[in-house]
Amino acid sequence: MKLYNTLARKIEEFIPNEEGKVKIYTCGPTVYHYAHIGNMRNYIGHDILVRTFDFLGYQVTRAMNITDVGHLTSDSDSGEDKMEVAKKRENKTAYEIADFYTDAFFKDFYALNNKQPDIVSPATANIDSYIRIIEKLIKDDIAYQSGGNIYFDISKVQDYYCLTNHQEDKMVVGVRDGVEFDNNKRNQADFALWFTTSKFANHEMVWDSPFGTGYPGWHIECSGISIKYLGEYLDIHGGGVDNIFPHHTNEIAQSEAYLGHKWCNYWFHNEHLLDDTGKMSKSHGEFLTVSLLADKGYDPLSFRFLCLNSHYRKQMLFSYDSLNQAETTLKKIRNKIANINDSGELDNELYASYIASFKNALEDDLNTANAISVLYEVLKDDRVNGHTKLALLEKFDSVFALELLKEDEKLENDAEIMALIEKRAEAKKNKDFELADSIRADLYQKGIELVDTREGTTYKIVGS
Ligand code: AMP
Ligand code: ZN
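Predicted model, so just to flag it, every value in this text is computed and none were measured.

A word on the site of ligand 1. Of all residues adjacent to ligand 1, which total 18 residues, the nearest are Thr30, Gly38, Asp242, Asn243 and Lys282. Note that an oxygen atom of ligand 1 is positioned 3.0 Å from one of the side-chain N or O atoms of Asn39. Gly240 places a polar main-chain atom, nitrogen or oxygen, 3.1 Å from an oxygen atom of ligand 1. Relative to its free-state accessible area of 490 Å², ligand 1 is covered by the protein chains to the extent of 94%. For the shell around ligand 1, the leading source of residues is helix α1 (residues 37-55), giving four residues. Tallied by class, the residues present in the shell around ligand 1 amount to four nonpolar, ten polar and four charged.

Another aspect to go through is the sheet that holds strand β9 (residues 214-216). Within the open sheet, the four strands sit side by side as β6-β7-β8-β9. Their pairing is antiparallel. The open sheet has two free edges, formed respectively by β6 (143-146) and β9, since each of these has just one partner strand. Mean inter-strand twist for the sheet, computed between neighbouring axes without regard to direction, equals 25°. When strand β7 (residues 149-152) meets strand β8 (residues 191-196), the two strands line up antiparallel, connected through three bridges. Residue Tyr151 lies in a different strand from β8, and its bridge partner there is Ala192. Against the sheet, helix α4 (residues 127-139) engages β6, β7, β8 and β9, with an angle of about 115° to β8.

Turning our attention to the coordination of the zinc ion (ligand 2). The zinc ion (ligand 2) binds to the protein through Cys27 (SG), Cys222 (SG) and His247 (NE2), with metal-donor distances spanning 2.0 to 2.1 Å. Each donor residue of the zinc ion (ligand 2) belongs to the same chain, and together they define the spacing C-x194-C-x24-H. Here Cys222 is found in helix α5 (residues 218-230), whereas its partner His247 is found in helix α6 (residues 244-259), with 25 residues between them in sequence. For His247, a relative accessible area of 0% corresponds to the buried category.

Turning our eyes to something else, we now look at the packing of aromatic side chains. Two aromatic rings are characterised by how far apart their centres lie and by the angle between their planes. Scanning all chains against the criterion turns up 28 aromatic pairs. The interplanar angle of 65° and the centroid separation of 6.0 Å between the aromatic rings of Phe14 and Tyr58 together place this pair among those described as edge-to-face. Taken together, the residues span a long stretch of sequence, with Phe14 in the loop between β2 (10-13) and β3 (21-26) and Tyr58 in the loop between α1 and β4 (59-66) at a distance of 44 residues. A residue is classified by how much of its surface remains accessible, and Tyr58, at 19% relative accessible area, is buried. For the ring pair Tyr160 and Tyr161, a centre distance of 4.8 Å and an interplane angle of 80° mean the geometry is edge-to-face. The two residues Tyr160 and Tyr161 agree in class, both being buried.

Here we come to helix α9 (residues 320-338). With 19 residues, α9 extends 26 Å from end C-alpha to end C-alpha; this agrees with the ideal 27 Å at 1.5 Å per step. All buried positions along α9 are accounted for by Ser322, Leu323, Ala326, Glu327, Leu330, Lys331, Ile333, Arg334, Asn335 and Ile337.

Once that is clear, we can look at the pattern of salt bridges. Under the definition given, this model contains 26 salt bridges. Across the pair Asp54 and Lys115 runs a salt bridge, and its minimum N-O distance is 2.6 Å. Taken as a pair, Asp54 in helix α1 and Lys115 in the loop between α3 (94-111) and β5 (119-122) lie far apart in primary sequence, 61 residues in all. Asp54 sits in the partly exposed class, given a relative accessible area of 30%. Within this structure, Asp141, Asp153, Lys156 and Arg186 form a network of salt bridges that share partners.

Assigned domains within the protein chain: domain 1 (2-270), domain 2 (281-400) and domain 3 (414-461). A combined buried area of about 3000 Å² lies between domain 1 and domain 2, and 66% of that area is made up of carbon and sulfur atoms. On the domain 1 side of the contact with domain 2, Ile37, Arg41 and Phe55 bury the most area, a combined 27% of that side's loss. Put simply, Asp47 and Arg304 hold a salt bridge, and the shortest N to O gap is 2.8 Å. Along the contact surface separating domain 1 from domain 2 lie 13 residue pairs in polar contact (both at pLDDT 80 or more). Of all elements in the fold, only β1 (2-5), α1, α3 and β11 (264-270) reach the threshold of two or more residues within the side of domain 1 that touches domain 2. The biggest single contributor to the side of domain 1 that touches domain 2 is α1, with eleven residues. Taken together, the residues that form the side of domain 1 that touches domain 2 break down as 16 nonpolar, nine polar and six charged.

What counts and how
- As a convention, each chain's residues are numbered from 1 in the sequence order in which they are written.
- Chain labels run from A onward and ligand labels from 1 onward, assigned in the order the entries are written.
- It should be noted that, the model being predicted, local features are given only for residues of pLDDT at least 70 and side-chain atom pairs only at 80 or more, the latter also being counted only at that level, while totals for whole chains, interfaces and linings use all residues.
- Think of the side-chain values as coming from all heavy atoms in the structure, minus any hydrogens and water.
- Put simply, a residue is near a molecule or strand once any heavy atom of it comes within 4 Å of that molecule or strand.
- As used in this structure description, the phrase polar contact means that two N or O atoms lie within 3.5 Å; if the pair is within protein, one of them must be able to donate a hydrogen and the other to accept it, and residues adjacent in sequence are counted only when both atoms belong to side chains.
- In this description, accessible areas are obtained by the Shrake-Rupley approach with a 1.4 Å probe, and a residue is regarded as covered only by the protein chains that are shown.
- Working definition: helices are DSSP H or I runs of at least four residues, strands are E runs of at least two. Numbering for both runs from the N terminus.
- Amino acid classes used here: Ala, Val, Leu, Ile, Met, Phe, Trp, Tyr, Cys and Pro are nonpolar; Asp, Glu, Lys and Arg are charged; the rest, including Gly, are polar.
- When DSSP finds two or more bridges between two strands, those strands count as paired.
- Note on method: axes are straight lines fitted to C-alpha atoms, helices fitted across the in-contact stretch only, with angles between N-to-C directions ranging 0 to 180 degrees.
- Should any heavy atoms of two residues lie within 4.5 Å, those residues are considered in contact.
- Only nitrogen, oxygen and sulfur atoms qualify as donors, and only when within 2.8 Å of the metal (3.2 Å in the case of Na, K and Ca); with water excluded, sites may look incomplete.
- Each residue is placed in one exposure class: buried if its accessible area under a 1.4 Å probe, protein chains only, is under 20% of its type's maximum, exposed if it is over 50%, and partly exposed if it falls in between.
- Ring geometry is summarised as follows: Phe, Tyr and Trp rings, the Trp one being its six-membered ring, pair when their centres sit within 6.5 Å, and such pairs are stacked at plane angles under 30 degrees, edge-to-face over 60 and tilted between the two.
- What a helix is expected to span follows from its residue count: subtract one and scale by 1.5 Å.
- Only one rule defines a salt bridge in this text: a Lys or Arg side-chain nitrogen within 4 Å of an Asp or Glu carboxyl oxygen.
- Residue ranges for the domains originate in an automatic or database domain assignment.
- Note on terms: buried area is the combined drop in 1.4 Å-probe accessible area of two parts once they are placed together, counting the loss on both.

And the structure:
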């Protein structure tokens, strides 16, 4: 398996810490608002990673947090906790906000057929783990108390900027939006591990700690949850590219300072989904969610299919045109599959050869677009009998998760379509154009396009 590793800045052969096993950590959503389709592109990318390792026969253990405290609007230590922003917006408690948006997140997450991570844990449920890490960092003189808060002293670690190719000048205060100068810090690049209420009065979510009543910073939660549930050695840690700095940079610094050894070997980052205004962002106000697409009549899996057509490391521009095209193509594929006769014996040779091509595509840094090309090849290869085709497609769908063989997606068979064509002709004769048009539209929705000719009406598969 070859995977691009942000830490190495190149594609590398994946070697797990423990043979046959892979431990993956995914940074979860900040539940102060709905997750938009950009966030979901990131989770689809992680799902393909997990399903590929399943397909390759690894035993996967994956953990994901839910950020329900401590993520400030600057992504650093200035601004306000995003949960507090949502509380004011909606006049609810922080816990009510977290519950509501966690449910909304998982509704869309599962509608996209993303597998449930083995461990899902909210930041607020693991305070003891953060306290343990922070206490050790203070004892080792790597963290310090100032102005009521606890900060991590980045000068105490070597290679703080390892994940960003040492581009320190781009990271300094004043260059990044919303990051303010902080008098309490020894170095401006130091980051907060624990805030006390002296900094933000009236913060709802607070806990007692040896450093004062307060709440954890955003970065410490992922280190705490990952180490607690996945242990001291992690294989892969991932998120969106915006997580590289400061979030993942800080996670590495504090985790390795605490553990005293290298923590995670591979860093997996998904590029952004853009809309015509630029990067989708929850703070922009209006944004698109999977539920909204479903309300408009789209199959959420059409969005998944759209994402799989581009590489996870390439920016992707969302448009309804491309979504419509993805939806039509997916229907066409499902229709073709529904019409395959499960006949013949398994052709071991062809089966193995197509599985090898599929595996090659995925092992090449998750090249899902090439894996989809293999699917097309199988569909049009007359040498492959029906039974072998279906066996291959089922296997491919264990990674794609596009419900390619879904029974109820089966389209009307020829006799049923012909009956509807007749019904439409009858309706036209009776000048019931509304009924005639609705029959045409319903069939089109199912991937069947009616073609009127002088000899009468026939049909074809949409797009063929
Ligand atoms: P958040 O809920 O803001 O913490 O974001 C959840 C995940 O979505 C993070 O890992 C982000 O890196 C990722 N993300 C945020 N915006 C986008 C976007 N426009 N496209 C893809 N991923 C994104
Ligand atoms: Zn994280």
